[in-house]
Every structure is written in C-alpha cells, then in structure tokens.
Amino acid sequence: MITVLFFARYKEELQTDKLQLDWQEGWQSLEDVRAHLIQRGTPWTTLEDPSLMCARNQEMCSLDTAVRAGDEVAFFPMVTGG
Amino acid sequence: MITVLFFARYKEELQTDKLQLDWQEGWQSLEDVRAHLIQRGTPWTTLEDPSLMCARNQEMCSLDTAVRAGDEVAFFPMVTGG
Amino acid sequence: MITVQVQEAPFDPGQLTNSVHAGNQAIGAVVCFTGYVRDFNLQHSVQGLFLEHFPGMTEKSLERIAEEASQRWPLLAVHILHRVGQLEPGEPIVFVAAASAHREEAFNACAFIMDYLKTRAPFWKKEQTSTGSRWVEGRPSDQQAAARWADDAESS
Amino acid sequence: MITVQVQEAPFDPGQLTNSVHAGNQAIGAVVCFTGYVRDFNLQHSVQGLFLEHFPGMTEKSLERIAEEASQRWPLLAVHILHRVGQLEPGEPIVFVAAASAHREEAFNACAFIMDYLKTRAPFWKKEQTSTGSRWVEGRPSDQQAAARWADDAESS
C-alpha cells in the first residue's frame, strides 16, 4: 500500500486529494506510480504535465526517485509561493 | 579666491576644516590645488594619500576635474559610511 | 537562530524586521524581503489570493532552505514567515530576513532563500479575479533565478 | 517616491519598513537593508562610533544614488536614511529600502544603493575603542562591490 496526495490544480481536476493504492509488483520509482495513474485515462492524464513536481515522504524529489511500499507520495503542479 | 574644505582624518591632521585661497594663475584642475597645498610641506603632505577623494561644488569628482575661481573644493579620505 | 513560521494570521513586517537584530551586537547587516499581494498580475485585476500548501512538508522545506543558506554564508539569524489561506491585495504574504556581520552575505542569503522558496516550497497561489479564479502558473524566470545558485555552490 | 534623510536622531527600522509599501497595491516586493553598529570590528572592541559627514553634499549624493537606481530599475519607492553624529553599538546606522513589482529589481536596487552609498556618499566613521579613537579605513572590497554595477550598466 502507498498513499498518494494531490495538491492545487491536480486536486481539483482529479476531484481527490488522497488515494490509497495497493502496492504493485514491479514499481520502482515515482515515475511508475505516475504511469499507473495516467493509464486510468481522463482526468488522470493531467499528470502528464511536463511541469509536474513530486515528493516522497514530504521531501521534494525527482520522478526517478525510488519508491517503496508504505511511502507517502505527492504529485503537484509547479510551486508558486512567495 | 577658492574655498577648500577638509574632512575627517585630513581635518584633524591639518587642524583646519576650511581654507580660503587666493586664485593662482595657471590652476586648471583640482590636482593643481592639491599640489599647491602639498608643497607647503608637513602636515600638508597628508594630501599625497593615494586614496584621497575630492569634490567640486559638492559633487564628487576626479583630480583632473577643472577648477575655477569661486569654486568650493573638498579633499577627504576614502568614504566609510553605511 | 533559524525561525520558520507558516500561518493563516496576518503579520507585521516591521515588527519582524526589528526582532531580527534582537540586541545581537555582532550583527552588522540585516536584509529583509517582504512580498505583498498585488492588485494586478499578468493582465488580471486581482481581488484576492488563496494560498494552498502541503502541511508538514511546507515547514520542513523552509527549514531546509534556511539551513542550506546558513551553510553557504556565515549568518547570525534567519527568519522565514509565509502566510497560507485567504489574502487580500496589499497584504504581506511572505517575509524573509537574513542577518550577518557584513552586508554581502545577508543580501545573498536573503535572495537565495527567496529563489529557493519560490521553486522548492510547496505553496500554490489561486487568484480571484473579476472573471473567476485561476491557479497561478509557475514562472520559468523563477527556475532560472534558483539555478544561478547551483553555479555558485563552489565559489560561495 | 524617493525619500532621503540624514539625521542625528535614532530611527526605527521596522516603522520605516512598513512605511515603504504605504498601501501601494502595485508593490509586490520590498527589500530593506538595515546596517547596525557592531561591537567588534577588525580586532577592535568598539565602544562607540562617530559619523562625520559633509552637510549639503551628503543629501545631494544620496538623492543622486536613489535617482540612478530608479533609472536602472522600475522602482515604486526608494527610502534612504543615514544617521550622523554619535552612535552606540547595537544602534541602527543606515536604512535603505527599494520597492518594485517583482523581487529581482528590488534586491538589485537595494544592493546597488548600498554599494554606491559605501563608496560615493561623504560619510566617515571614527571608532572609539578601549585603546582610543581611530578613523575607519575604506575597504577595497567596497570599491569592488560598487564596480560590479558598472559592468552591468548596459544589461540592466
């Protein structure tokens, strides 16, 4: 099981801020989790956003960062604070 | 006639903050006024300071700036505000 | 030495500015940045701004940015405060202060923190305009501003 | 838009910081620099500081520096305040604020004004230490800091 969080525009478009996903054999990186969601089709294809950012266990990371069962993963648009 | 002002360390070393000098034939630049003072000998040789800065009519300038009768000239050490 | 705050409540930039020195007579330079909500942005008249964030990660990311600044420059104080929730035009939204013995370090650290905050802290702005709400898009210029510090990493 | 003050009286950096925005909702970024008297400088314990200046020329040179900054960057407010006379360690000595729509301009303008003030405004510091008084010497690093803006003149 992993937890996936969404923020801002993604949260609105996906109409959810949190998913619990069963762990899939073969998942190695956040990119695999993203691909798994995108293949669900609309509206999940919004995650194809080339500006997509992500975090693993509340640390910003890249899509090729390793993921493990039990992780909390977050996908979000480019940040715009400040 | 020109007025010459001194500040900070120069003022202390020369024991004066202001001179009125008769205009000398041949003066062209602030450098000429400085040389005139330096030739008086000690303590005026303090104006040989390579970091010396100067102003003409309250505008910072270089030693080769032209000077005219009636000007107010100032010589001072490198500024240290802020 | 490092203070990080994320809050819904308004804050007073002047009060924070004065609190940075706090009687530490080794401090010679304090540089403060205050960001305000503008009433106009990219051809839109802005009536309000909603700041979403990622609770928990937000604080951690700001602390990490402050620590990275402290490793790069000899800082004597760092203060970061960012508001979240609903804001009105004219309100302060973010405050960053860096204190050091000399001004160069304080200027660099304050600019560095803002550049990193803009690109690495999980905040998202939604603007309310006369024609509806819209999420503010990330600016490539912010990415470029942050990237210049990577080049400096060795020389700083 | 440009405010220049030279005064013996103490000032409140926080109050000045807040006064820069002054309800101008076009301002997105305010960068403030406050310089404080340190209790230690170049191996000397500092007990006090006397600031001599060139009345008349001082104000003019600060106004000129503020105007030059306003020509280089699209500023919405500039405030420079410099104290003169006798100061104690821990006291604010100089305040420079620059406000703009975006942070880059405000950071650059504030740093530029400080670099120019350090090298072109007629102030001289005399430190009182346990071993007597001494005039502070100009620092080559300040000359270098000011020189970098000459290189930028075309691209800014």
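These numbers were taken from a predicted model, which means no experiment stands behind them. (Residues numbered from 1 in each chain as written. Chains lettered and ligands numbered in written order. Predicted model: local features only at pLDDT ≥ 70, side-chain atom pairs only at ≥ 80, totals over all residues. Heavy atoms only, no water.)

1. Quick word on the overall build of chain C
Going by this rule: Strands are runs of DSSP state E lasting at least two residues, helices are runs of H or I lasting at least four, and both sets are numbered from the N terminus onward. Radius of gyration: over C-alpha atoms. The globule rule applied is 2.2 Å multiplied by the number of residues raised to the 0.38 power. The buried label goes to any residue with under 20% of its type's maximum accessible area, the exposed label to any with over 50%, and the partly exposed label to all in between, with areas taken from a 1.4 Å probe on protein chains only. Residue contacts are counted whenever heavy atoms from the two residues lie within 4.5 Å of one another. Accessible surface area values rest on a Shrake-Rupley calculation with a 1.4 Å probe, where residue burial reflects the displayed protein chains alone. Positive: Lys, Arg. Negative: Asp, Glu. His and the chain ends are not part of the count. Here the site of a charge means atom NZ of a Lys, CZ of an Arg, CG of an Asp or CD of a Glu.
Scanning chain C from N- to C-terminus turns up four helices and nine strands. Counting from the amino terminus, chain C carries its helices and strands in the arrangement β-α-β-β-β-α-β-β-β-α-β-β-α. Its C-alpha radius of gyration of 16 Å places chain C within 12% of the 15 Å reference for a compact globule of 156 residues. Here chain C holds 156 residues, and the buried ones make up 57% of them. Sequence separation of at least 24 residues holds for 79% of the intrachain contacts in chain C that already meet a minimum separation of 6. Total accessible area on chain C stands at roughly 6300 Å², and carbon and sulfur atoms take up 47% of it. Charge-centre separation for chain C: the mean point of 13 positive side chains lies 3 Å from the mean point of 19 negative side chains.

2. What about the overall build of chain A?
A count of helical and extended segments in chain A gives two helices and five strands. Shown N-terminal to C-terminal, the secondary structure of chain A runs as helices and strands in the order β-α-β-α-β-β-β. Computed over C-alpha atoms, the radius of gyration of chain A comes to 12 Å, within 12% of the 12 Å expected from 2.2 N^0.38 for 82 residues, which places it in the range of a compact globule. Overall, chain A is about 35 × 30 × 20 Å in size when its C-alpha atoms are taken along their principal axes. When burial is assessed residue by residue, chain A has 50% of its 82 residues classed as buried. Pairs at least 24 residues apart make up 53% of the contacts formed inside chain A by residues separated by at least 6 positions. Summed over all atoms, the accessible surface of chain A reaches about 4000 Å², with 42% contributed by carbon and sulfur.

3. Looking at helix α2 (residues 30–38) of chain A
For clarity, the cut-off: This arc is built from the directions going out from the helix axis to the C-beta atoms.
Among the residues making up α2(A), those that are buried are A:Leu30, A:Val33, A:Arg34, A:Leu37 and A:Ile38. Projected onto a plane normal to the axis of α2(A), the buried residues spread over an arc of 135° and lie on a single side.

4. A look at the arrangement of the chains
By contact count, the dominant pairing among the three pairs of chains in contact is that of chains C and D. As for chain B relative to chain A, no contact occurs, and the smallest C-alpha gap between them is 29 Å. The least C-alpha distance between chain A and chain D, which are not in contact, is 10 Å.

5. Quick look at the confidence of the model for chain C
In plain terms, the rule: pLDDT gives the predictor's per-residue confidence on a scale running from 0 to 100.
Chain-level statistics for chain C give a pLDDT mean of 94 and a share of 96% at 70 or above. The ipTM assigned to the predicted complex is 0.95, against a pTM of 0.96.

6. Digging into the relation of the copies chain C and chain D
Defined as follows: Least squares is the method used to superpose the copies, on C-alpha atoms of residues holding a pLDDT of at least 70 in both.
With an RMSD of 0.0 Å, chain C superimposes on chain D once it is rotated by 180° and translated 0.0 Å along the axis. Taken together, the rotation and translation describe the operation of a two-fold axis. Considering only C-alpha atoms, the residue of chain C closest to the rotation axis is C:Gly14, which sits at 1.8 Å.

7. Concerning the interface of chain A and chain C
We apply this condition: What gets called buried area is simply the loss in accessible area from a 1.4 Å probe that two parts show on being joined, summed for both. Salt-bridge detection follows one rule: a side-chain nitrogen of Lys or Arg within 4 Å of a carboxyl oxygen of Asp or Glu. Counting of polar contacts relies on pairs of N or O atoms within 3.5 Å, with two restrictions inside protein: one atom must be capable of donating a hydrogen and the other of accepting it, and residues adjacent in sequence are counted only when both atoms are side-chain atoms.
Taken residue by residue, the interface counts 21 residues in chain A and 28 residues in chain C. The junction of chain A with chain C conceals about 1900 Å² of combined surface from both sides, 59% of it contributed by carbon and sulfur atoms. Of all residues in chain A, A:Gln58, A:Thr80 and A:Gly82 bury the most surface against chain C, accounting for 35% of the area lost on that side. Applying the counting rule to chain A against chain C returns three salt bridges. Here C:Arg64 ties to A:Glu59 by a salt bridge, and the two come within 3.1 Å at their closest N and O atoms. The tally of links from chain A across to chain C stands at 13 residue pairs in polar contact (both at pLDDT 80 or more). Every element with two or more residues in the side of chain A that touches chain C is listed here: α1 (8–14), β3 (53–56), β4 (59–61) and β5 (72–76) of chain A. A total of four residues in the side of chain A that touches chain C trace back to one element, the largest contributor, which is α1(A).

8. Observations concerning the sheet that holds strand β1 (residues 2–7) of chain D
Defined as follows: Whether two strands pair depends on DSSP finding at least two bridges between them. Angles run from 0 to 180 degrees between N-to-C directions of axes, and those axes are lines fitted to C-alpha atoms, restricted for helices to the stretch in contact.
Taken in spatial order, the eight strands line up as β1(C)-β5(C)-β7(C)-β2(C)-β2(D)-β7(D)-β5(D)-β1(D) in an open sheet, and their pairing is mixed. Edge positions in the sheet fall to β1 (2–7) of chain C together with β1 of chain D, since each of these pairs with one other strand and no more. Here the strands of the sheet are splayed against their neighbours by 10° on average, with no regard to which way each runs. Bridge count between β1(C) and strand β5 (residues 75–83) of chain C: six bridges; the pairing is parallel. What sits directly across from C:Thr3, in β5(C), is C:His79.

9. Details of the state of the cysteines
Stated precisely, the cut-off is as follows: Note that a disulfide, as used here, is simply two cysteine sulfur atoms within 2.5 Å.
Evaluation of the coordinates by the stated rule reveals zero disulfides over all chains. With no disulfide partner, A:Cys61 has as its closest neighbouring cysteine sulfur the one in A:Cys54, 4.1 Å distant. C:Cys32 forms no disulfide, and the closest cysteine sulfur to it belongs to D:Cys32, at a distance of 6.4 Å. The class for C:Cys32 is buried, based on a relative accessible area of 1%.

10. Focus on the pairing of strand β9 (residues 132–135) of chain C
Residue and element names in this part refer to chain C. Sheet topology places strand β8 (residues 123–129) next to β9; four bridges connect them, and they run antiparallel. Opposite lysine 126, over in β9, you have tryptophan 135 as the bridge partner. Following β8, the chain reverses through two residues before pairing antiparallel with β9.

11. A short note on the pairing of strand β2 (residues 29–36) of chain C
Walk down a regular strand and you will see the side chains alternate between the two sheet faces. Residues and elements named next belong to chain C. With eight of its eight residues buried, β2 lies for the most part within the structure. Along β2, one buried face is formed by Ala29, Val31, Phe33 and Gly35 and the opposite face, lined by Val30, Cys32, Thr34 and Tyr36, is buried too. Looking at chain direction, β2 and strand β7 (residues 92–100) are connected through eight bridges and run antiparallel. When the bridges of β7 are listed, cysteine 32 appears paired with alanine 97.

12. Details of the sheet that holds strand β5 (residues 72–76) of chain B
All names here are of chain B. Taking strand neighbours across the sheet as the criterion, the five strands line up as β2-β1-β5-β3-β4 in an open arrangement whose pairing is mixed. Each edge of the open sheet is held by one strand with a lone partner, namely β2 (18–21) and β4 (59–61). Between one strand axis and the next, the sheet turns through 25° on average, direction left out of account. When strand β3 (residues 53–56) meets β5, the two strands line up antiparallel, connected through four bridges. Residue pairing in the sheet places methionine 53 in a bridge with phenylalanine 76 of β5. Contacts from helix α2 (residues 30–38) reach β1 (2–6), β2, β3, β4 and β5 within the one sheet, and its direction differs from that of β5 by about 65°.

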